[in-house]
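Commentary on secondary and tertiary structure
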Amino acid sequence: MKAVVFHGVGDIRLDDVPEPKIQEPTDAIVRLTASAICGTDLHMIRGTFTGMQEGTILGHEGVGVVEELGPMVRNLEVGERVVIPSTIACGYCSYCRAGYFAQCDTVNPHGKRAGTAFFGGPTASGPFHGLQAERARIPFAHVGLVKLPDDVTDDQAILLSDIFPTGYFGAELAEIRDGDTVVVFGCGPVGQFAIASAKLLGAGRVIAVDKYDDRLAIARKQGAEVVNFEKEDPIDVIIELTGGIGADRAIDAVGIDAMHPHHGPAADKARQQESQFKKEVQSIAPEQAGDGNWRPGDAPSQVLQWSVEALAKAGTLAIIGVYSPAANAFPIGQAMNKNLTIKMGNCHHRKYIPHLIELVRSGVIEPEQILTQIEPLDNVISAYEAFDKRRSGWTKVELLPHP
C-alpha cells in the first residue's frame, strides 16, 4: 500500500509499504477514506521535534471504514465508518478513566512515565505508524475508534480527529467564562478552532494574532478582532483594545515553530532578541534540512513571551501549540509577578470527540469551513511543501488515500 514515510529531517516520501496486520486482540484495521496534514507533522520534518525513527509512517488524523477487528473489540463491526482520535489510549487505566487519555499509563511501550502516545510520532511516543496511508492498524480500537453517524461527512469528520478537539481543549484549559476577553495566538487550523471554541464557551471578545492575511480573514469571518504582527506591535494593540488592562485568557496555538516579526514596529524588539532566539533554535533543532522547505521557526519562545505580556493580572494561559522536550525558554518571572495560571498539554481527543460530533450534527459548528484544500495521496509531497510554506489558501489540507 501507499504511505507517507519519514526518512530523515527534510526527507519524506510516498512509499510502498507492507499492509498492516492485527497484532493484538484489541487491534483493528481501518481502510482510510481521509487523512490530513497537520502542523505537528511539520515539527518532525523540520527537526524541531527530534527522535523520529526512519521508516515511520506519518500522520495522526484519520477517518475510515473498519475492515478487520481483533477478538477483544466488542463494540464495533466491520464496515462501520469511524474517526480516529490522534492520541492513543487504553481506556481502562486510572488516567483514561479520569479523562486524561493523552497520559494513558498502558499504551506507550517506554513505560508509565513516558508520556503521550500518538500516531506518526517520534520514538518516545511509541512509535506507532501513522495515518497518512491507505490502511492503518489501530491499537485499543474499542476506545481508539469513534463511530460516525451517516449525517457527518468525511470532510467534517477529519477535523474531529485532532484539530477541533485540540482547539476546544485549549479553550477549556484557558478557563473561559462568560464575557471574557480571549487572545488567540496563531490562526492556523487549531487556532481557528480555538477561536470557535472560545465563543462556544462564552467569550465576550476574541482577539486573533497572526501574520498571514488569509488566515486572519478566516478569523475575522468568525467574529474575531484581528492583529497582524508584521504590521503592528501585537502587545500594544491588545493593551489598547482592552483599555490598558490586557486579556483575561490567552491561548498559544502556535508552539515551537513560532516566527518573530520581521517588519513593522515589533521588529525592533525582536532584533534585540535575535541572539537569544538563534540559541533556542540551535538547541531545539540541532539537525536542519538547509535552504528551501522545512525551515524551523526563528523564535521558539516568541509566542510564550507575547502571551504572558498580553494577559491581565491573574489571567490564564493555555498552551496547546506543540513544544518538544528540548524547549526550556519561558518568561517565568513575569508570569509569577502577574499571578498567572498556566495550563498546557496534549489534547485528550477521545474525551471530546463524541461531544463535538453532536455539535456538528446539530449544525452548531460547520468544521469543514476551515478545510481549504483536498488533495489525493499521490500529490502529498507537493501538498506538504505548500502547507509548510504557508502558501496563501493552504490553511488545512485533507488527503484522500482512495480518490
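Residues numbered from 1 in each chain as written. Predicted model: local features only at pLDDT ≥ 70, side-chain atom pairs only at ≥ 80, totals over all residues. Heavy atoms only, no water.

**A word on helix α11 (residues 302-310)**
Most of α11 sits inside the fold, with 9 of its 9 residues counted as buried. Along α11, the residues that are buried comprise Q302, V303, L304, Q305, W306, S307, V308, E309 and A310. (Buried < 20%, exposed > 50% of the residue type's maximum accessible area, 1.4 Å probe, protein only. Helix = DSSP H or I, 4+ residues; strand = E, 2+ residues; numbered from the N terminus.)

**What to know about the pattern of salt bridges**
With the rule as written, the count across this model stands at 22 salt bridges. The salt bridge involving D151 is made with R361; its shortest N-O contact spans 3.1 Å. In this pair, D151 is assigned in the loop between β7 (146-147) and α4 (154-157) and R361 in helix α13 (residues 349-361), connecting sequence segments 210 residues apart. For D151, a relative accessible area of 42% gives the class partly exposed. In this structure, the salt-bridge partner of E274 is K278, at a minimum N-O distance of 3.7 Å. Taken together, the residues E274 and K278, both in helix α10 (residues 274-284) and 4 residues apart, mark about one turn of the helix. Overall, the relative accessible area of 35% leaves E274 in the partly exposed class. Each member of the salt-bridge network shares a partner with another, and the members are E19, R31, E67 and R135. (Salt bridge = Lys/Arg side-chain N within 4 Å of Asp/Glu carboxyl O.)

**Things to note about helix α6 (residues 189-200)**
Taking 1.5 Å of rise per residue, the 12 residues of α6 would be expected to cover 16 Å, and the 17 Å separating its terminal C-alpha atoms lies within 8% of that figure. Most of α6 sits inside the fold, with 10 of its 12 residues counted as buried. Check the buried side of α6 and you find it contacts α5 (163-173), β8 (181-185), β9 (205-210), α7 (213-221) and β11 (247-252). Trailing α6 by a residue or two, G202 shows a phi angle of about 105 degrees, which is positive. (Expected span 1.5 Å × (residues − 1). Contact = heavy atoms within 4.5 Å.)

**What to know about unusual backbone geometry**
Geometrically, the link from G126 to P127 is a cis peptide bond, its omega value of -10 degrees lying close to zero. Positionally, P127 belongs in the loop between α2 (94-97) and β6 (135-138). Within the chain, A314 stands out as a residue other than glycine whose phi angle is a positive 65 degrees. When you line up the elements, A314 lands in strand β12 (residues 311-319).

**Here we look at the packing of aromatic side chains**
Following the criterion strictly, the structure yields 7 aromatic pairs and no others. Where F169 meets Y352, the ring centres are 6.1 Å apart and the plane angle is 55 degrees; that geometry is what we call tilted. Note that F169 is positioned in helix α5 and Y352 in helix α13, a separation of 183 residues in sequence. Residue F169 is classed as buried on the basis of its relative accessible area, which comes to 4%. Between the aromatic rings of F229 and W306, the centroid separation amounts to 5.2 Å while the plane-to-plane angle is 55 degrees, which identifies the pairing as tilted. Of this pair, F229 sits in the loop between β10 (225-228) and α8 (234-241) while W306 is found in helix α11, placing the two residues 77 residues apart along the sequence. (Phe/Tyr/Trp six-rings, centres within 6.5 Å; stacked < 30°, edge-to-face > 60°.)

**Overview of the layout of surface pockets**
A volume near 300 Å³ is recorded for the second largest pocket. Along its surface, the second largest pocket is lined by 17 residues, and P20, Q23, I57, H129 and R137 are the ones closest to its centre. A breakdown of the residues in the lining of the second largest pocket according to their chemical character gives 9 nonpolar, 4 polar and 4 charged. (1 Å grid on protein atoms, 1.4 Å probe; cavity = no way out; pocket = protein on both sides within 12 Å on 5 of 7 lines; lining within 4 Å. Points joined across faces, edges and corners; volume = space filled by probe spheres on them. Nonpolar A, V, L, I, M, F, W, Y, C, P; charged D, E, K, R; others polar.)

**A closer look at the packing of α5 against α6**
In contact at an axis separation of 7 Å, α5 and α6 are set at 50 degrees when each is read in the N-to-C sense. Here α5 lies oblique to α6, going by the angle between them. Remark: the crossing between α5 and α6 carries right-handed chirality. Facing α5, whose interface residues are I163, F164, T166, G167, Y168 and A171, α6 presents P189, V190, F193, A194, S197, A198 and L200. (Axes fitted to C-alpha atoms, helices over the stretch in contact; angles between N-to-C directions. Parallel < 35°, antiparallel > 145°, perpendicular 65-115°, else oblique. Left-handed = near helix turned anticlockwise from the far one by under 90°.)

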